[in-house]
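Report on the structure
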Amino acid sequence: MEIIQISKESSQYNQVLDLLRQFDIHSAKCIEFVDSSQGEDDIRHNYIIDKKYVLRLNSAKVMTEERLTELNTLIERYRSFGMKAPLFLKAENGSFVVEQDGKNCYLSEYLDLPLAEDVKFRCREDLIRQRLVFISRFAQTFKNVDLVETVSMFSIFDLAPYDKLSGLDIDEKQENLNQLVADLTQAGYVELAQKVNAKNEELRRQLKPIYKELPRCVFQGDENFSNLCVDENDRIVGLFDFNMSGTEVIANYLANNAFMGHFCYEDEILDKHTPKEVLQILLDAFHQSTALICEHYSFTEQEFSAYLLYGKIAMISAYWNTSTFGEYLQQEKYKDKIVTIIELILAEDLS
């Protein structure tokens, strides 16, 4: 995302200063602006203050006093686990949230450290490995400890805060799946669209009776490389952006992270490999990740069976897959190969 430095002569600069004064901050040498909005109905403005604080203005009223209190508890847990994580700070009136022009405004500390995203070109595989070890160890340590009602962005069946805002009454993966079905139908692959829908329903039918019995943990919710900080030795030492955090079925969370970062659907890979070879690259990565996870997290037999079902759902309907499928379905050069890959995924047994 583009970072824009705000001029001290601008009205925007003065408006931010007015807000900061409510948090007992009365000056700022440098204010940088990052717009991470998800559309006109979901404004997310972020102001980095002297690389010490981040002031956020959100139109969605998801970040309430209760939610920010909940997040600070989780942040302290990550800190106790040896990770740097920025706390939310209260205004002078004792509240986390102040309001301006109908938006919720809140302040947090800022981690002035390099991002994993900025160094991945030289150590991508090692960063993926570090992330998996860290998440697996965290899950093992805090399994079923002080769970919260809010669920994470990975949840299926139950709705995360931003799922509820959509008004569709479905979880994010179901929304992604519906988009894939629509993309396949529009591209003329009606029968395959029906198979995708049927496979998704089958997997969910197997999980729904047991998912509430499975061990859970409260997670940060989005450990992509843009939310992870590294030290001078490219070691992951911190994380931030807790918007998507919440309680999650551990098997689901680990299954999604087993795939995260292994992008096999790229021009170069599709040009060089057959659909079966592309799928095998992805499966090899998943099984290697699974072996690493099992070194640091102890699954029960039922839990591991669920892990494989959750993994299959991620292969079909995780956003990083469905969005890529949709893009390639519009390209004459690749659409038949992508269709064959999707067919192979539907037939694949992860075990």
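The following refers to the structure shown. These figures come from a predicted structure and were not determined experimentally.

**Observations regarding the overall build of the chain**
Check the secondary structure of the chain and you find 12 helices and 11 strands. When the backbone C-alpha atoms are referred to their principal axes, the chain occupies close to 60 × 45 × 40 Å. Here the chain, with 351 residues, has 54% of them falling under the buried criterion. Across the chain, the fraction of contacts at a sequence separation of at least 24, relative to all contacts at a separation of at least 6, is 71%. Carbon together with sulfur atoms contributes 47% to the accessible area of the chain, which is approximately 16,500 Å² in total. Across the chain, the mean location of the 37 positive side-chain charges is 3 Å away from that of the 58 negative side-chain charges.

**Here we look at the packing of aromatic side chains**
Evaluated as defined, the whole model comprises 22 aromatic pairs. Through successive ring pairs, a cluster of aromatic residues spans Tyr78, Phe81, Phe134, Phe138, Phe142, Phe154, Phe219, Phe242 and Tyr253.

**Looking at the pattern of salt bridges**
For the coordinates displayed, the defined rule picks out 15 salt bridges. Note that lysine 199 is salt-bridged to glutamate 202, the shortest N-O span being 3.4 Å. Here lysine 199 and its partner glutamate 202 are both found in helix H6 (residues 190-207), three residues apart, which amounts to about one turn of the helix. Owing to a relative accessible area of 17%, lysine 199 belongs among the buried residues under this scheme.

**A few points about the nonpolar core**
If you look at the biggest cluster of nonpolar residues, it comprises 95 residues, and the most contacted ones within it are Leu184, Val196, Phe219, Tyr307 and Tyr310. Per element, the largest residue contribution to this core is 11 residues, and it comes from helix H3 (residues 116-141). Ignoring sequence-local partners within four residues, the contact set of tyrosine 307 consists of Ala251, Leu254, Ala255, Ala258, Phe286, Thr290, Ile293 and Phe299. With 19 residues, the next largest nonpolar core counts Leu17, Leu20, Ile31 and Leu57 among its residues.

**Some points on the side chain of asparagine 176**
Topologically, asparagine 176 is positioned in helix H5 (residues 172-186). Exposure remark for asparagine 176: the relative accessible area of 8% places this residue in the buried category.

**Considerations on the state of the cysteines**
Each disulfide consists of one covalent bond between the sulfur atoms belonging to two cysteines. All told, the structure shown has zero disulfides when counted by the stated rule. Looking at the unpaired cysteine 105, the closest cysteine sulfur is the one in cysteine 30, lying at 20 Å. Take cysteine 105: its relative accessible area is 0%, and that puts it in the buried class. The thiol of cysteine 217 is unpaired, and the distance to the nearest cysteine sulfur, on cysteine 294, comes to 17 Å.

**A few points about the pairing of strand E3 (residues 44-49)**
Buried residues dominate E3, accounting for six of its six residues. By the alternation rule, side chains of E3 split into Arg44, Asn46 and Ile48 and His45, Tyr47 and Ile49, which are all buried. Taken together, the five bridges between strand E2 (residues 31-35) and E3 define a ladder with antiparallel strand orientation. Across the sheet, the residue bridging to glutamate 32 is isoleucine 48, located in E3. Where E3 lies against strand E4 (residues 53-58), six bridges are found, and the strand directions are antiparallel. Residue pairing for E4: asparagine 46 is matched across the bridge by arginine 56. Counted between consecutive antiparallel strands, the loop separating E3 from E4 contains three residues, among which aspartate 50 sits at a positive phi close to 50 degrees.

Here is what the cut-offs are and how they apply
- Residues numbered from 1 in each chain as written.
- Predicted model: local features only at pLDDT ≥ 70, side-chain atom pairs only at ≥ 80, totals over all residues.
- Heavy atoms only, no water.
- Helix = DSSP H or I, 4+ residues; strand = E, 2+ residues; numbered from the N terminus.
- Buried < 20%, exposed > 50% of the residue type's maximum accessible area, 1.4 Å probe, protein only.
- Contact = heavy atoms within 4.5 Å.
- Areas by Shrake-Rupley, 256 points an atom, 1.4 Å probe, with all protein chains shown as cover.
- Lys, Arg positive; Asp, Glu negative; His and termini not counted.
- Charge placed at Lys NZ, Arg CZ, Asp CG, Glu CD.
- Phe/Tyr/Trp six-rings, centres within 6.5 Å; stacked < 30°, edge-to-face > 60°.
- Salt bridge = Lys/Arg side-chain N within 4 Å of Asp/Glu carboxyl O.
- Core = buried A, V, L, I, M, F, W, Y, C linked by side-chain atoms within 4.5 Å.
- Disulfide = S-S within 2.5 Å.
- Pairing = 2+ DSSP bridges.

By themselves, these observations are geometric and do not establish any function.
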